[in-house]
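Tertiary structure, described
These are the residues of each chain, in order.
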Amino acid sequence: MPEPLLLDGKSLSKQLEQTLSSRVENLSNLTGTRPTLATILVGDDPASATYVAMKAKACHRVGMESISKHLPSHTTTEELLSVIRDLNEDPNVHGILLQHPVPHQIDERAAFDAISPLKDVDGVTAAGFGSMTMGSQAYGSATPAGIMRLLSHYHIPLEGKHAVVIGRSPILGKPMAMMLLNAHATVTICHSRTQNLPELVRQSDIVVAAVGKPKFVQADWIKQGSILVDAGYHPGRVGDIDLEAAKSLSAAYTPVPGGVGPMTISTLMAQTFEAASMLCGQPC
Ligand code: NAP
């Protein structure tokens, strides 16, 4: 077996950010608009706080602005909707990111859907999902859109391939499956009620693990020469696939860390830039 190809999200993200920095500067010089991402964090979950801080840092790396709204954990749906409406109306804000998950008393779907489609740079609204699924212009959910960008960069063939997506969350598994389908893969979507999961994975050319359980996908589920995409990230620098054991069987794999995570962030940055360009009348 030849050495598997490492799908290096970290290095591709760096390249994307470099290109983006000069485009941000050009837009700013041309129009006076500095692309701005507003992040909303509700509650005190440390992992969520870290993710929001990483996104704000990435904005500054590429010359964009970020505004952060930190709301207490007892925030109601109505209070959150009011913050989102204000950001929708704010001409200095071009993208809005509501960090998932929100505390249980909040209707997360209602909050996501309150985000203006013009500012839905994290691709979380039902309208955006519908448009993306139908192949119309919409910002894709940042993690699966980042994965698609990475697969495309490495010329991974998708057409006619059997892709198994493990997970069906609205921000990851479902949009991932639709993006692969739109790229002409044959897609099987698996979830917690799926029967014979190892058998289904054994039949796949591409596996996307978006389960949220460390080392869930085992090496003996993997078909030789398949493509492994691991969206998970857990303490101990492990993902949702037992990569140490499985990667040598694959033709290509995303490392953890340094695979899907950086691609999510650079895609969010690119989509915020795109939203700012559209909103200031200079579509890129
Ligand atoms: P989620 O909302 O918890 O969804 C997990 C999915 O896995 C659900 O659809 C669930 O099925 C399915 N699942 C759970 N147990 C299963 C089992 N035993 N067999 C088959 N399927 C099972 O998680 P998420 O937000 O999609 O995130 C998934 C992973 O990606 C997590 O590790 C998360 O940390 C990571 N993530 C990474 C990034 C990034 O930027 N790198 C971004 C977002 C998420 P049901 O629907 O039936 O419950």
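Our subject is the structure that appears above.
This report concerns the structure included in the present document. All figures in this text were calculated on a predicted structure; none of them were measured in a lab.

**Digging into the overall build of the chain**
Along the backbone of the chain there are ten helices and nine strands. Computed over its C-alpha atoms, the radius of gyration of the chain comes to 19 Å, within 12% of the 19 Å expected for a compact globule of 284 residues. Along the first, second and third principal axes, the C-alpha atoms of the chain reach 55 × 40 × 35 Å. Counting the 284 residues in the chain, one finds 50% classified as buried.

**A few points about the nonpolar core**
Within the largest apolar cluster, 25 residues are counted, with the highest numbers of intra-cluster contacts made by L151, L180, V208 and I227. Elements with a minimum of two residues in this core: α6 (142-153), β5 (162-166), α7 (173-182), β7 (206-209), β8 (227-230) and α10 (260-279). The contact partners of L151, leaving out residues within four places of it in the chain, are L7, I156, L158, I227 and V229. The next biggest cluster of nonpolar side chains, apart from the first, holds 19 residues, and it includes V121, I265, L268 and M269.

**A word on the packing of aromatic side chains**
Counted according to the given criterion, the structure contains one aromatic pair. Aromatic pair F216 and W221: ring centres 5.6 Å apart, planes at 85 degrees, arrangement edge-to-face. Assessed through its relative accessible area of 27%, F216 is described here as partly exposed. Residue W221 is classed as buried on the basis of its relative accessible area, which comes to 10%.

**Description of the site of the ligand**
Inspection of the region around the ligand gives 24 residues, with R168, S169, S192, A231 and T264 positioned closest. One nitrogen or oxygen atom from the side chain of R168 is found 2.7 Å from an oxygen atom belonging to the ligand. A distance of 3.5 Å separates an oxygen atom of the ligand from a polar backbone atom of G212. Within the complex, the protein chains bury 71% of what would otherwise be the 930 Å² of accessible surface of the ligand. Spatially, the ligand is embedded in the largest pocket. The dominant element in the shell around the ligand, judged by the number of residues it contributes, is α10, at three residues. Its residues assigned to classes, the shell around the ligand comprises ten nonpolar, eleven polar and three charged.

**Some thoughts on the sheet that holds β7**
One open sheet accounts for six strands, arranged β1-β9-β8-β7-β5-β6; its pairing is parallel. Among the strands making up the open sheet, the edge pair consists of β1 (5-6) and β6 (186-190). Judged from the two bridges that link them, β1 and strand β9 (residues 252-253) form a sheet pairing that is parallel. Bridged to L6 within β9 is Y253.

**Here's the deal with helix α2 (residues 46-61)**
Helix length check: α2 (16 residues) gives 22 Å between terminal C-alpha atoms against 22 Å at 1.5 Å per residue, within 8%. Within α2 the residues assigned to the buried category are S48, V52, K55, A56, A58 and C59. Projection of α2 onto a plane perpendicular to its axis shows the buried side chains occupying an angular sector of 160 degrees, all on one side. In α2, those exposed residues whose orientation departs by more than 90 degrees from the buried face are P46 and K57. Positioned one or two residues after α2, G63 has a phi angle of 85 degrees, which is positive.

**Digging into the pattern of salt bridges**
All chains considered together, the criterion is met by seven salt bridges. A salt bridge links E25 to R34; the nearest nitrogen and oxygen atoms lie 3.3 Å apart.

**Comments concerning the environment of L6**
With respect to the element layout, L6 can be found in strand β1. On the accessibility criterion, L6 (35% relative accessible area) is partly exposed. L6 sits 164 residues away from P170 along the chain, and the two C-alpha atoms are 27 Å apart. For L6, the residues in contact, after removing those within four places along its chain, are Y154, Y253 and P255.

**Quick word on the sheet that holds strand β4 (residues 95-98)**
A sheet is described by the order of its strands in space; here three strands give the open sequence β3-β2-β4, paired in parallel fashion. Looking along the sheet, the strands with just one partner apiece sit at the ends: β3 (65-71) and β4. Averaged over all pairs of adjacent strands, the angle between strand axes in this sheet comes to 15 degrees, irrespective of strand direction. In this structure, strand β2 (residues 36-42) lies alongside β3, joined through seven bridges in parallel fashion. Within β3, the position partnered with L41 by the bridge is H70. Along the sheet face, α10 touches β2 and β4 and points at about 125 degrees away from the line of β2.

Conventions adopted
- Position numbers for residues count from 1 along each chain, tracking the sequence in the order it is written.
- Residue-level local features of this predicted model are given only where pLDDT is at least 70; pairs of side-chain atoms are given and counted only at 80 or more, and the full residue set underlies all totals for whole chains, interfaces and linings.
- Only hydrogens and water are removed before side-chain values are computed, so all heavy atoms of the structure are retained for them.
- Where helices and strands are cited, they refer to DSSP runs of H or I of at least four residues and of E of at least two residues respectively, numbered from the N terminus.
- As a reference, a globule follows 2.2 Å times the number of residues to the power 0.38, and the radius of gyration itself is taken over C-alpha atoms.
- Exposure categories follow from relative accessible area, calculated using a 1.4 Å probe and restricted to protein chains: below 20% of the type maximum is buried, above 50% is exposed, and the middle band is partly exposed.
- The nonpolar core is taken to be a set of buried Ala, Val, Leu, Ile, Met, Phe, Trp, Tyr and Cys residues, with the residues joined through side-chain atoms within 4.5 Å.
- Note on contacts: a residue pair is in contact if any heavy atoms of the two residues lie within 4.5 Å.
- Two aromatic rings from Phe, Tyr or Trp, using only the six-membered ring of Trp, form a pair when their centres are within 6.5 Å; if the ring planes differ by under 30 degrees the pair is stacked, by over 60 it is edge-to-face, and anything between is tilted.
- Nearness here has a simple test: a residue counts as near a molecule or strand if at least one of its heavy atoms is within 4 Å of that partner.
- We call two N or O atoms a polar contact when they sit within 3.5 Å, provided that within protein one can donate a hydrogen and the other can accept it, with sequence-adjacent residues counted only if both atoms are side-chain atoms.
- Computed by Shrake-Rupley with a 1.4 Å probe, the accessible areas treat only the displayed protein chains as cover when residues are assessed.
- Space inside and on the surface of the protein is sampled on a 1 Å grid over the protein atoms alone, with a cavity defined as a set of points where a 1.4 Å probe fits but cannot get out and a pocket as an open set with protein on both sides within 12 Å along at least 5 of 7 lines; lining residues have an atom within 4 Å of a point.
- Each molecule is assigned to a cavity or pocket provided more than half of its atoms lie within 2 Å of the corresponding grid points.
- Classification convention: Asp, Glu, Lys, Arg as charged; Ala, Val, Leu, Ile, Met, Phe, Trp, Tyr, Cys, Pro as nonpolar; all other residues, Gly among them, as polar.
- At least two DSSP bridges between two strands are required for those strands to pair.
- The span expected for a helix works out to 1.5 Å for each residue beyond the first.
- It is the directions from the helix axis to the C-beta atoms whose arc is reported.
- Take a side-chain nitrogen of Lys or Arg and a carboxyl oxygen of Asp or Glu: if they are within 4 Å of each other, that pair is a salt bridge.
- Lines fitted to the C-alpha atoms define the axes, with helices restricted to the stretch that makes contact. Angles between their N-to-C directions range from 0 to 180 degrees.

In short, the description is geometric, and any link to function would need to be established separately.
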